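Spelled out from the first residue to the last, the chains are:
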Amino acid sequence: MASVVGLLEERERAALARVEELRAELERVRAAVLEAEEAVRRAAVAREEVVDALAAASGVPDTAVAGAAGGVAARVEIPPWRQGLDLAVLPGDCAAIVALVQDDAAGGGGGVRARQMRDHLGWQASDAREQAARFRAKRLVERGWLCEDGPGLFKPRPGRAG
């Protein structure tokens, strides 16, 4: 009987050790995902800055510079949020994203992810279109229209009226 209990205790210790190994691996993967997301964000910002700088230097609109730069879409101009502005001042896709996030919050939702935005906008199901929705949402965060409540989870900005 004692040997059976000892065997079970050994199995329990091995299972606990495996759980700890997996938890450590999970933390490593989470950190790698956050690092990769930050690299994507930095690359997008760098691209936008280059397009802006080239447009300013050449006097050519951003869309023409972006097109000449290999077909990269120009940055969508989003005005900073301030009291009294409504969704009508936003480009169509951005207004639709803010409306989706507001509707989600009004319905008690926990926030909206880029995939939901992409689907709501009727875009083709692809990683590139999901990234495009994410970039727009992050620009809306930068301009005060939304907040990011955890990586990739977008909600209305706290304390902001309609």
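Basis of the calculations
Residues numbered from 1 in each chain as written. Predicted model: local features only at pLDDT ≥ 70, side-chain atom pairs only at ≥ 80, totals over all residues. Heavy atoms only, no water. Helix = DSSP H or I, 4+ residues; strand = E, 2+ residues; numbered from the N terminus. Buried < 20%, exposed > 50% of the residue type's maximum accessible area, 1.4 Å probe, protein only. Contact = heavy atoms within 4.5 Å. Core = buried A, V, L, I, M, F, W, Y, C linked by side-chain atoms within 4.5 Å. Phe/Tyr/Trp six-rings, centres within 6.5 Å; stacked < 30°, edge-to-face > 60°. Lys NZ or Arg CZ within 6 Å of the ring centre and 35° of its normal. Expected span 1.5 Å × (residues − 1). Salt bridge = Lys/Arg side-chain N within 4 Å of Asp/Glu carboxyl O.

**Comments concerning the overall build of the chain**
Alright, step 1. Along the backbone of the chain there are five helices and two strands.
Alright, step 2. Along the chain direction, N to C, the helices and strands of the chain fall in the order α-α-α-α-α-β-β.
Alright, step 3. Counting every position in the chain, which comprises 162 residues, the buried fraction comes to 26%.
Alright, step 4. The long-range share in the chain, meaning contacts at least 24 apart out of those at least 6 apart in sequence, stands at 48%.

**Things to note about the nonpolar core**
Alright, step 1. Ranked by internal contacts, the top residues of the largest apolar core, which has 22 residues, are L90, I97, V101, M117, L140, W145 and L146.
Alright, step 2. Per-element accounting of this core gives the leading share, six residues, to helix α3 (residues 92-106).

**What to know about the packing of aromatic side chains**
Alright, step 1. If you walk through the whole model with that rule in mind, you get zero aromatic pairs.
Alright, step 2. For R129, the ring lying beneath its charged end belongs to W123, and the centroid distance is 4.0 Å.

**Section: helix α5 (residues 127-142)**
Spacing of three or four residues puts side chains on the same side of an α-helix, whose turn is 3.6 residues.
Alright, step 1. The end-to-end C-alpha distance of α5 is 22 Å, a good match for the 22 Å that 16 residues give at a rise of 1.5 Å each.
Alright, step 2. Following α5 by one or two positions, G144 adopts a phi angle in the positive range, close to 90°.

**So, the pattern of salt bridges**
Alright, step 1. For the structure shown, the criterion picks out 11 salt bridges.
Alright, step 2. Of the charged contacts in the structure, one is a salt bridge between R18 and E21, with a shortest N-O distance of 3.4 Å. Of this pair, R18 and E21 both sit in helix α1 (residues 2-58), three residues apart, which is roughly one turn of that helix.
Alright, step 3. The class for R18 is partly exposed, based on a relative accessible area of 46%.
Alright, step 4. Salt-bridge contacts for E130 lead to R115; the nearest nitrogen and oxygen are separated by 3.2 Å. Taken together, the residues E130 in helix α5 and R115 in helix α4 (residues 114-120) connect sequence positions 15 residues apart.
Alright, step 5. The class for E130 is buried, based on a relative accessible area of 11%.

**Digging into the environment of G109**
Alright, step 1. Residue position: G109 is located in the loop between α3 and α4.
Alright, step 2. Separated by 46 residues in sequence, G109 and K155 place their C-alpha atoms 9.1 Å apart.

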